[in-house]
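Remarks on the overall topology
Take a look at the letters that make up each chain.
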Amino acid sequence: MVLNNKNMCVKIMLIVLLSMVGLLNFSHADGISAEAKKYGYEGHVLLQKGQFKQASIKLEKAQSLGDIRAMHTLGLMHIRGDGVKQSYAKALSYFKKSYKHGYINAAYDIGVMYRNGESVKKNRDTAKKYYLIAAKNNYRLAQIEFAKIYGEEGNKKQYEYWVKRAKQQ
């Protein structure tokens with residue numbers, strides 16, 4: 001994707017603004033080292049610039065130092081093949097590692113992979129398990145997916161409950 005200077009400036013300004021108001025937080029965990037924060041931040045900035053290979057190098061270093069958001073981002077990069085070889089198995093591994101260390105957003109992505117059968121056998125119950133974890137933690141996309149599953153199962157009460165919760169986000 002090619003961006004002109006105006007679009008790049010708007011994107012950078014948005015990143016700065018979001019980080020200032022706390023909606024975009026590159027230092028997500030109190031126990032993370034300054035070095036991990038540095039590599040994670042640099043990796044995410046490079047990713048925003050579309051410099052995927054360089055971003056993957058920085059994020060790999062950050063995740064090796066315990067940055068759970070970098071673990072999650074590397075999972076997303078492996079799904080898309082951004083700067084790394086596309087691999088659903090590696091993506092799932094990064095998501096599970098990130099989730100194991102407390103990054104709730106990763107639970108949603110694990111659920112997606114089980115629902116779609118990406119590097120694993122399709123398993124609706126396992127997908128529901130991970131969606132529920134993320135949904136209970138107010139992750140809107142998980143609430144929507146959870147509602148869809150209940151709708152498919154004909155459970156109108158649970159469907160309506162999760163649709164309502166998602167709308168409240």
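Residues numbered from 1 in each chain as written. Predicted model: local features only at pLDDT ≥ 70, side-chain atom pairs only at ≥ 80, totals over all residues. Heavy atoms only, no water.

Let us now look at the confidence of the model for the protein. The predicted model of the protein has a mean per-residue pLDDT of 87, with 82% of residues at 70 or higher. The least confident element of the protein, judged by mean pLDDT, is helix α1 (residues 5-20) at 47; the most confident is helix α3 (residues 52-64) at 98. Predicted confidence is poor over residues 16-29, with pLDDT under 50, and the contacts of this stretch with residues over four places away or in other chains come to 15 contacts. (pLDDT = per-residue confidence, 0-100. Helix = DSSP H or I, 4+ residues; strand = E, 2+ residues; numbered from the N terminus. Contact = heavy atoms within 4.5 Å.)

On to the packing of aromatic side chains, then. Applying the stated criterion across every chain, the model contains seven aromatic pairs. Judged by centre distance (6.4 Å) and plane angle (10 degrees), the rings of Y114 and Y130 are stacked. Residue Y114 is located in helix α6 (residues 105-116), and its partner Y130 is located in helix α7 (residues 124-136); the two are separated by 16 residues in the primary sequence. The interplanar angle of 80 degrees and the centroid separation of 5.0 Å between the aromatic rings of F146 and Y150 together place this pair among those described as edge-to-face. With F146 and Y150 both in helix α8 (residues 140-153) and four residues apart, the pair spans about one turn of that helix. Residue classification places Y150 among the buried positions, given a relative accessible area of 13%. Members of the aromatic cluster, joined through ring pairs, are F146, Y150, Y161 and W162. (Phe/Tyr/Trp six-rings, centres within 6.5 Å; stacked < 30°, edge-to-face > 60°. Buried < 20%, exposed > 50% of the residue type's maximum accessible area, 1.4 Å probe, protein only.)

A side chain with one charge may pair with a side chain of the opposite charge, provided their charged atoms come close. Summed over the entire model, instances satisfying the criterion amount to ten salt bridges. Across the pair E42 and K38 runs a salt bridge, and its minimum N-O distance is 3.4 Å. Here E42 and its partner K38 are both found in helix α2 (residues 34-48), four residues apart, which amounts to about one turn of the helix. Of the residues examined, E42 reaches a relative accessible area of 24% and is grouped as partly exposed. Between E152 and R124 there is a salt bridge; the shortest N-O distance is 2.7 Å. Pair noted here: E152 is in helix α8 and R124 is in helix α7, with a separation of 28 residues, a long-range link. Overall, the relative accessible area of 36% leaves R124 in the partly exposed class. A single salt-bridge network, built from bridges that share partners, covers R115, R124, K128, E145, K148, E152 and E153. (Salt bridge = Lys/Arg side-chain N within 4 Å of Asp/Glu carboxyl O.)

Assignment of secondary structure puts Q168 in helix α9 (residues 156-168). For Q168, a relative accessible area of 58% corresponds to the exposed category. Between the C-alpha atom of Q168 and that of R140, which follows or precedes it by 28 residues, the distance is 8.9 Å.

Looking now at the nonpolar core. Soluble, globular proteins show a tendency: their nonpolar side chains are buried together. Counting 25 residues, the largest nonpolar core has F95, Y108, I110, Y131 and W162 as its most contacted members. Secondary structure elements with two or more residues in this core: α4 (68-80), α5 (88-100), α6, α7 and α8. The leading source of residues in this core is α6, at seven residues. Other than its neighbours up to four places away in sequence, W162 contacts L132, A135, K136, Q143, F146, A147 and Y150. With eleven residues, the next largest nonpolar core counts Y39, L46, L47 and L59 among its residues. (Core = buried A, V, L, I, M, F, W, Y, C linked by side-chain atoms within 4.5 Å.)

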